[in-house]
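Geometric and topological summary
Each chain, written out:
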Amino acid sequence: MIELLFLLLPIAAAYGWYMGHRSAKKDQEDVSNKLSRDYVTGVNFLLSNQTEKAVDLFLDMLQKQETENEIEHRSQFEAELTLGNLFRSRGEVDRALRIHQALDNSPNYSFEQKLLAKQQLAKDFMSVGFFDRAESLYIMLVDEPEFAEGALQQLAVIYQKTKEWKKAINVAEKLAKISTKADNIELAQFYCEYARILPADSKENPQTLLTQALKVSPTCVRASIMLGELSMQQKDYQTAVKILENVLVQNSDYVGEILPQLQECYQHLGQLDNFELFLIRASQASGNASVDLALADVIEQKDSRAVAQSKIYQKMGSNPNMFLFHRFIQYQMDDAEQGRGKESLTLLHKMVGEHIKQGFDYRCTNCGYQSHKLMWCCPSCRQWEKIKPIRGIDNPN
Ligand SMILES: [Zn+2]
């Protein structure tokens, strides 16, 4: 990476030299500002290893200069801004900060240029974890249309790190209004996080926040689970059932997460038959191992172990997986007569059980991070709603 940077530095230097030798005919504000932004974009391509794009951009800029006649001090600003960025990329943030602060404080540069300097200064502060300093700079940049979206995104990152969920909601709501992004998963998750920590005497209602989460992101399973559990606390089991069952429609990968709550609701309502009907529906729709195991439990209680066993056997044909296999051996083992056959089945059951126990229950579908508990934001790749139950995602259907 560093070698590539040094290979490309002559191009950047040539650009600087060229700029330095151009006569400053007149201050073409609009053109120069556009070029300044292009230059920063080019450097950012370099820093993110997109060297081909960087070369194309620098060459394009050089060509433009032949006709646009840029002014001299503009190139000095850009060279210094670049130098600061290079220092930051090499971990020498002290130097980057000094350069970017000097650019921001200099009386020689325009308002537009100082915004660029502020933007890079904020990145310097972010890279060393000075979030309060970065925050005040990004708050300034939010008022500038060209910088607003990037600044709001960074503010959302900051408030997520500092767990200031109310502020996170405010910036994500503003972002949703100006962004072209199709989904609002982050905003929905911020509502959920805020609802989770809301004090008992708060004027805000967690139900309202969670309903808002579902409004901005209708597939937000977390909001449904939280809303369902709130209804259960209020002993409104009929409403809880309606909300929890909707998880199957929202994202069937997570349907295993709501089964204990749903069963409890149906028990309170005295409608366990309806729980079975839901499991049959979910089994057909999702191929989730948790659903098939829960269905086997219900069938065993209602009919017999033989019927449950035949159901598991049937399901293994269409949807083979370790969890169903473990249950199947258990049935075989319990039915076997004493002897070597039963001993072998017991050993096999134990080995498969150990294998399942040693494995993880959840995995990030983005970066592969694994865990024993469900987390809505992956601690490794920082993506929301990418960690999923392995019983839900490892079962083809
Ligand atoms: Zn991840």
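Throughout what follows, the structure given in this document is the object of discussion. Nothing here was measured: the structure is a model prediction, and the numbers come from that model. (Residues numbered from 1 in each chain as written. Predicted model: local features only at pLDDT ≥ 70, side-chain atom pairs only at ≥ 80, totals over all residues. Heavy atoms only, no water.)

1. Focus: the side chain of Glu193
Going by this rule: Every helix listed is a DSSP run of H or I at least four residues long, and every strand listed is a run of E at least two residues long, numbered separately from the N terminus. Each residue's exposure class comes from its accessible area (1.4 Å probe, protein chains only) as a fraction of the maximum for that residue type: buried when under 20%, exposed when over 50%, partly exposed otherwise. Two residues qualify as a contact provided that any one of their heavy atoms is within 4.5 Å of a heavy atom in the partner residue.
In this structure, Glu193 sits in helix α10 (residues 185-197). In this structure Glu193 comes out as buried when scored by relative accessible area, which is 8%. Among all residues touching Glu193, those that are not within four sequence positions of it are Trp165, Arg222 and Trp384.

2. What to know about helix α12 (residues 221-233)
The cut-off we apply is this: In this analysis, the expected span of each helix is defined as 1.5 Å times one less than the number of residues it contains.
Here α12 is 13 residues long and its end C-alpha atoms lie 18 Å apart, about the 18 Å a rise of 1.5 Å per residue gives. Taken across its 13 residues, α12 has eleven buried, putting it largely inside the fold. For α12, the full list of buried residues reads Val221, Arg222, Ala223, Ser224, Ile225, Met226, Leu227, Gly228, Leu230, Ser231 and Met232. Against the buried residues of α12 lie α10, α11 (206-216), α13 (237-245), α14 (247-250) and α15 (259-269). Downstream of α12 by a residue or two, Lys235 has a phi angle that is positive, lying close to 60 degrees.

3. Quick look at the coordination of the zinc ion
A four-donor tetrahedral metal ideally has 109.5 degree angles, and a six-donor octahedral metal ideally has angles of 90 or 180 degrees. Applicable threshold: For Na, K and Ca the donor cutoff is 3.2 Å, while for all other metals N, O and S atoms must lie within 2.8 Å; water is not among the atoms, so some sites may look incomplete. Between 85 and 135 degrees for all angles marks four donors as tetrahedral; over 155 degrees for opposite donors together with 65 to 115 for all other angles marks four donors as square planar and six as octahedral; every other arrangement is irregular.
In the first shell of the zinc ion, the protein supplies Cys364 (SG), Cys367 (SG), Cys378 (SG) and Cys381 (SG), at 2.3 Å from the metal. For the zinc ion, the four donor atoms in the first shell make angles of 104 to 116 degrees at the metal, so the coordination geometry reads as tetrahedral. Binding-site remark: the zinc ion is held by donors from one chain whose sequence spacing is C-x2-C-x10-C-x2-C. Here the residue Cys364 occupies a position in strand β1 (residues 362-364), and Cys381 occupies one in the loop between β2 (370-371) and β3 (387-389), the gap between them amounting to 17 residues. Neither residue differs from the other here; Cys364 and Cys381 are each classed as buried.

4. Describing the pattern of salt bridges
So the rule is basically this: We count a salt bridge whenever a side-chain nitrogen from Lys or Arg sits within 4 Å of a carboxyl oxygen from Asp or Glu.
Under the criterion given, the structure shown has 16 salt bridges. Lys167 is the partner of Glu135 in a salt bridge, and the nearest nitrogen-oxygen pair spans 3.8 Å. Here Glu135, found in helix α7 (residues 131-142), pairs with Lys167, found in helix α9 (residues 165-178); they are 32 residues apart in sequence, far enough to count as distant. For Arg222, the salt bridge identified is with Glu193, shortest N-O distance 3.2 Å. With Arg222 in helix α12 and Glu193 in helix α10, this residue pair connects regions lying 29 residues apart in the sequence. A network of salt bridges, in which partner residues are shared, links Arg90, Glu92 and Arg95.

5. Comments concerning the packing of aromatic side chains
Here is the rule we go by: Note on aromatic contacts: the rings of Phe and Tyr and the six-membered ring of Trp form a pair at centre separations within 6.5 Å, being stacked when their planes are under 30 degrees apart, edge-to-face when over 60 apart, and tilted otherwise.
Applying the stated rule across the entire model yields eight aromatic pairs. Between the aromatic rings of Phe190 and Trp384, the centroid separation amounts to 6.0 Å while the plane-to-plane angle is 80 degrees, which identifies the pairing as edge-to-face. Of this pair, Phe190 sits in helix α10 while Trp384 sits in the loop between β2 and β3, placing them 194 residues apart in sequence. What makes Phe190 buried here is its relative accessible area of 0%. Judged by its relative accessible area of 7%, Trp384 is buried. Each residue in the set Trp165, Phe190 and Trp384 is aromatic and connected to the rest through ring pairs, giving one cluster.

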